[in-house]
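# Breakdown of the fold
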Amino acid sequence: MHMRRKPRTRKPSHVSVRSGQVEFVKVGTDAWRWRDVYRWLLGLRWPQFAAFVASLYIGLNLFFAALYSFQQNSIAGSTGGHRFFDCFFFSVQTLATVGYGHMYPQTLYGHIVSTVEIMTGVFLLAVMTGLIFVRFSRPLARVVFSRSIVVAPLNGKPTLMVRIGNENHHSMVEAEFRIMFSRDEPLIEGGDFRYFYALKLHFDHLTVFPAALTLRHEIDEQSPLYGATLESLEAARALFFVSVVGIDPVIAAAVQTQKDYTWRDLRFGERFVEIYSQHGDGKLTVDYGRIHDTEPAAL
């Protein structure tokens, strides 16, 4: 009599992905792949990356120190009272291929473990060198976004505005700007559906982006924001996504950055204060300290 095996049920997995202020939890997908380790390491902040490297380095040396300790006489020149510490510091020398000469493997077991550790050290050094190089050479957009979005009259028409500033010490070239608007809208069949709209800007491309500017979308009859209020945007769970893509001329590489806003970040009846001041010698002063400041403006 043959018994039918029960099919293996795949354990439910979930992956948490944060996009700005919104966190998405992906259910039923592969929780982890080895290739994701590379992206995860590049995504760490420098203090986190340094802590990871230090933890990995100390952990490897503790592991090999324990292996050396399994055989008492595997290392020559070690002291009897602090044998594990001698094994640990011998592992540090071996992993870095330093070899001061005071301690050395003297048994076949010790030579085998030290050979494996040297190969591990060479591999680890190559990987860490590559990761550090990529982290240093990766270009950053360094664009600051205003903390809020404002809606105020511009040339007599209600206009949605977002201020952005280039914090690099050189201009960004071939810069492209986009504002995406998203909200829930009711369906005839019932329920809500998430709609996305690309807001038309007064300009969406600049050959040179040296300092600070304001992105503007006129709220006319064709705008998806026409007639919207703070209450209606709250009910529709409105989101705004602002992106900047350009080229860093110093390293000739593309850079990009983005920021998202919710309905809570929207300010009706406010406008950004002036941050430019002109001097007689043709220079323009840009006050980045006031890039987030707003002032009342009657709608």
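Up top is the structure these notes are about.
Notes on the structure in this doc start here. (Residues numbered from 1 in each chain as written. Predicted model: local features only at pLDDT ≥ 70, side-chain atom pairs only at ≥ 80, totals over all residues. Heavy atoms only, no water.)

## Thoughts on the overall build of the protein
When you go through the protein residue by residue, the secondary structure sums to five helices and 18 strands. When the accessible surface of the protein is totalled, it reaches about 19,700 Å², and 59% of it is carbon and sulfur. (Helix = DSSP H or I, 4+ residues; strand = E, 2+ residues; numbered from the N terminus. Areas by Shrake-Rupley, 256 points an atom, 1.4 Å probe, with all protein chains shown as cover.)

## Let's talk about helix 4 (residues 108-137)
The first and last C-alpha atoms of helix 4 sit 44 Å apart over 30 residues, in line with the 44 Å expected at 1.5 Å per residue. Buried residues of helix 4: Gly110, Val113, Ser114, Glu117, Gly121, Leu124, Met128, Leu131 and Arg135, and no others. (Expected span 1.5 Å × (residues − 1). Buried < 20%, exposed > 50% of the residue type's maximum accessible area, 1.4 Å probe, protein only.)

## What to know about the environment of threonine 129
Inspection of the secondary structure assignment puts threonine 129 in helix 4. Here leucine 125 takes part through its backbone oxygen, which lies 2.6 Å from a polar atom of the side chain of threonine 129. (Polar contact = N/O pair within 3.5 Å; in protein donor to acceptor, adjacent residues only side chain to side chain.)

## A few points about the pattern of salt bridges
Tallied over the entire structure, the rule returns seven salt bridges. Linking glutamate 218 and lysine 157 is a salt bridge whose minimum nitrogen-to-oxygen distance equals 3.6 Å. Separated by 61 residues along the polypeptide, glutamate 218 in strand 11 (residues 212-218) and lysine 157 in strand 7 (residues 157-166) bring together distant segments of the chain. Of the residues examined, glutamate 218 reaches a relative accessible area of 23% and is grouped as partly exposed. Note that arginine 183 is salt-bridged to glutamate 185, the shortest N-O span being 2.9 Å. Across the pair, glutamate 185 and arginine 183 agree in class, each one buried. (Salt bridge = Lys/Arg side-chain N within 4 Å of Asp/Glu carboxyl O.)

## As for the pairing of strand 11
Across the seven residues that make up strand 11, a large majority, five, are buried. As paired strands, strand 7 and strand 11 are joined by seven bridges and run antiparallel to one another. Bridging across to strand 11, arginine 163 finds its partner in threonine 214. (Pairing = 2+ DSSP bridges.)

## Re the pairing of strand 7
If a strand is regular, its side chains alternate between the two faces of the sheet. Judged by how many residues are buried, strand 7 sits mostly within the fold: eight of ten residues are covered. Two strands pair when backbone bridges link them, and strand 5 (residues 143-145) and strand 7 are joined in this way by three bridges, in the antiparallel orientation. Paired with valine 143 across the bridge in strand 7 is asparagine 166. As paired elements, strand 6 (residues 149-154) and strand 7 share five bridges and run antiparallel to each other. By the bridge assignment for strand 7, alanine 152 is matched with threonine 159. Between the end of strand 6 and the start of strand 7, which pair antiparallel, lie two residues, with asparagine 155 showing a positive phi angle near 55°.

## Description of the packing of aromatic side chains
Applying the stated criterion across every chain yields a total of twelve aromatic pairs. Between phenylalanine 181 and tyrosine 197, the ring centres sit 6.2 Å apart and the planes meet at 25°, which makes this aromatic pair stacked. Residue phenylalanine 181 is located in strand 8 (residues 172-186), and its partner tyrosine 197 is located in strand 9 (residues 192-198); the two are separated by 16 residues in the primary sequence. Exposure remark for tyrosine 197: the relative accessible area of 23% places this residue in the partly exposed category. Relative to tyrosine 197, the ring of tyrosine 195 lies with its centre 6.4 Å away and its plane at 20°, an arrangement referred to as stacked. According to the relative accessible area criterion, tyrosine 195 is partly exposed, its value standing at 31%. Feature note: the residues Phe181, Phe193, Tyr195, Tyr197 and Phe240 constitute an aromatic cluster, connected by ring pairs. Taking NZ or CZ as reference, arginine 135 lies 4.4 Å from the ring centre of tryptophan 46, over its face. (Phe/Tyr/Trp six-rings, centres within 6.5 Å; stacked < 30°, edge-to-face > 60°. Lys NZ or Arg CZ within 6 Å of the ring centre and 35° of its normal.)

## Details of the nonpolar core
The nonpolar side chains of a soluble globular protein tend to be buried, and buried together. Counting residues in hydrophobic clusters, the biggest one holds 30 residues, and the most contacted among them are Leu160, Ile164 and Phe177. Where this core is concerned, the elements lending two or more residues are strand 5, strand 6, strand 7, strand 8, strand 11, strand 12 (239-248) and strand 13 (253-262). Ranked by residues supplied to this core, first place goes to strand 8 with five residues. Aside from chain neighbours lying at most four places away, what touches phenylalanine 177 is Ile164, Leu201, Phe203, Asp204, His205, Leu206, Phe209, Leu213, Leu215, Ser243 and Val244. Counting 18 residues, the second largest nonpolar core, distinct from the first, contains Phe49, Tyr68, Phe90 and Val113. (Core = buried A, V, L, I, M, F, W, Y, C linked by side-chain atoms within 4.5 Å. Contact = heavy atoms within 4.5 Å.)

## A closer look at the packing of helix 2 (residues 46-69) against helix 4
One can describe the packing of helix 2 onto helix 4 by two numbers: an axis separation of 11 Å at closest approach and a directional angle of 175°. The pairing of helix 2 with helix 4 is recorded here as roughly antiparallel in orientation. Residue composition of the contact of helix 2 with helix 4, grouped by class: 17 nonpolar, four polar and two charged. (Axes fitted to C-alpha atoms, helices over the stretch in contact; angles between N-to-C directions. Parallel < 35°, antiparallel > 145°, perpendicular 65-115°, else oblique. Nonpolar A, V, L, I, M, F, W, Y, C, P; charged D, E, K, R; others polar.)

## Description of the packing of helix 2 against helix 3 (residues 83-95)
Taken N-terminus to C-terminus, the directions of helix 2 and helix 3 make an angle of 120°; their axes are 8 Å apart at the nearest point. Looking at the two axes, helix 2 sits oblique to helix 3. Here helix 2 runs over helix 3; the crossing is right-handed. Between helix 2 and helix 3, the residues in contact are Tyr57, Ile58, Leu60, Asn61, Leu62, Phe64, Ala65, Ala66, Tyr68 and Ser69 and Arg83, Phe84, Cys87, Phe88, Phe90, Ser91, Val92, Thr94 and Leu95, respectively. Counted by class, the contact of helix 2 with helix 3 contains 14 nonpolar, four polar and one charged residues. (Left-handed = near helix turned anticlockwise from the far one by under 90°.)

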